[in-house]
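Structural overview
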Amino acid sequence: NTEIAWGKRLNSLKRLQSLAVGGACEYEIFFNLLVNIQPQLAIQASDLRSQIAKEACKTLVVISEVAGVAFSHVVEKFICKNGLLKVLNCGTKVITDAVNQCILHLIKNAPSAKVVPKVVEEMKSKNANLRAKLSQYLSEMIHNDHMTHKEKILDSFQHG
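None of these values were measured; they are calculated from a predicted model.

1. Focus: helix α3 (residues 38–45)
Quick reminder: α-helices carry 3.6 residues per turn. Residues three or four places apart thus point the same way. Among the residues of α3, Gln 38, Leu 41, Ala 42, Gln 44 and Ala 45 are the ones counted as buried. Considered in projection along α3, the buried side chains sweep an arc of 160° and stay on one side of the axis.

2. A look at the packing of helix α4 (residues 50–67) against helix α7 (residues 93–109)
Here α4 crosses α7 at 5°, and the two axes come no closer than 9 Å. Between α4 and α7, the angle falls in the class roughly parallel. Counting all contacts with α4, which are made through Ser 50, Ala 53, Lys 54, Cys 57, Leu 60, Val 61, Ser 64 and Glu 65, the residues of α7 involved are Val 94, Ile 95, Ala 98, Val 99, Cys 102, His 105, Leu 106 and Asn 109. A breakdown of the residues in the contact of α4 with α7 according to their chemical character gives 10 nonpolar, 4 polar and 2 charged.

3. Re the side chain of Thr 59
Secondary-structure assignment places Thr 59 in helix α4. For Thr 59, the side chain forms a polar contact with the side chain of Gln 17, separated by 2.9 Å. Leaving out residues up to four positions away in the same chain, Thr 59 has contacts with Leu 13, Leu 16 and Gln 17.

4. A closer look at the layout of surface pockets
The computed volume of the largest pocket comes to approximately 150 Å³. If you go around the largest pocket, the residues you meet are Arg 9, Ser 12, Leu 13, Arg 15, Leu 16, Leu 19, Ile 37, Gln 40, Leu 41 and Gln 44. Of all the secondary structure elements, the ones that give two or more residues to the lining of the largest pocket are α1 (2–21) and α3. If one sorts the elements of the lining of the largest pocket by residue count, α1 sits on top with 6 residues.

5. Notes on empty space enclosed by the protein
In total, this model carries 1 cavity of 30 Å³ or more according to the counting rule given. Considering only enclosed or pocket space, the largest cavity measures out at about 40 Å³ in volume. Around the largest cavity, the lining is made up of 10 residues, and of these Ile 107, Ala 110, Pro 111, Ser 112 and Val 115 lie nearest the centre. Residue composition of the lining of the largest cavity, grouped by class: 9 nonpolar, 1 polar and no charged.

Basis of the calculations
Residues numbered from 1 in each chain as written. Predicted model: local features only at pLDDT ≥ 70, side-chain atom pairs only at ≥ 80, totals over all residues. Heavy atoms only, no water. Buried < 20%, exposed > 50% of the residue type's maximum accessible area, 1.4 Å probe, protein only. Helix = DSSP H or I, 4+ residues; strand = E, 2+ residues; numbered from the N terminus. Arc of directions from axis to C-beta. Axes fitted to C-alpha atoms, helices over the stretch in contact; angles between N-to-C directions. Parallel < 35°, antiparallel > 145°, perpendicular 65-115°, else oblique. Contact = heavy atoms within 4.5 Å. Nonpolar A, V, L, I, M, F, W, Y, C, P; charged D, E, K, R; others polar. Polar contact = N/O pair within 3.5 Å; in protein donor to acceptor, adjacent residues only side chain to side chain. 1 Å grid on protein atoms, 1.4 Å probe; cavity = no way out; pocket = protein on both sides within 12 Å on 5 of 7 lines; lining within 4 Å. Points joined across faces, edges and corners; volume = space filled by probe spheres on them.

Given below as C-alpha cells:
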C-alpha cells in the first residue's frame, strides 16, 4: 500500500530530525550514517509528493542548524550533482523552491569549501534558472562570514 509507505517515510524523516535535535549530532557516527543514507535522502527530496520532498529538505536544514560547522565535513555529499543539485532540475516549483531554500540553509549553517567545485561544475548547465540559483549559492558562500576558503571559490571561477 503506497499510502502506508508514504506515511512511514514521512515519520522516518521526522524521527531523523528528532535524533538530531536530541543530541545525535554530537556523535561522529551520526554523520557517517547520514552519508550512507544520502542517496535515499536525495530521492525523498525529489519525491513527487511535495510533502515528502519538503520534509526531506526540512530534515537537512534541522540537522545543519543543530550541528552547525560539524556538518560541514559531509555537506558536500548532499550539495552535489547526484544530490540536491539534481533536484533543482525537477520542474516542480514547490519542490525546487524547497530544495533551493534547503541548499541556502546548508551553505549558511555548514559552510564547506568542498561544495564550491561542485557548484561551479554545474554552472555549465544550459538551464538559465539553474545557473541563477547556482550564482546565488556562490554569492552566499563568498559572503558567508564562516567561509575561510574564499580564495578557493575565486580560483574555481578562474579554472572552471
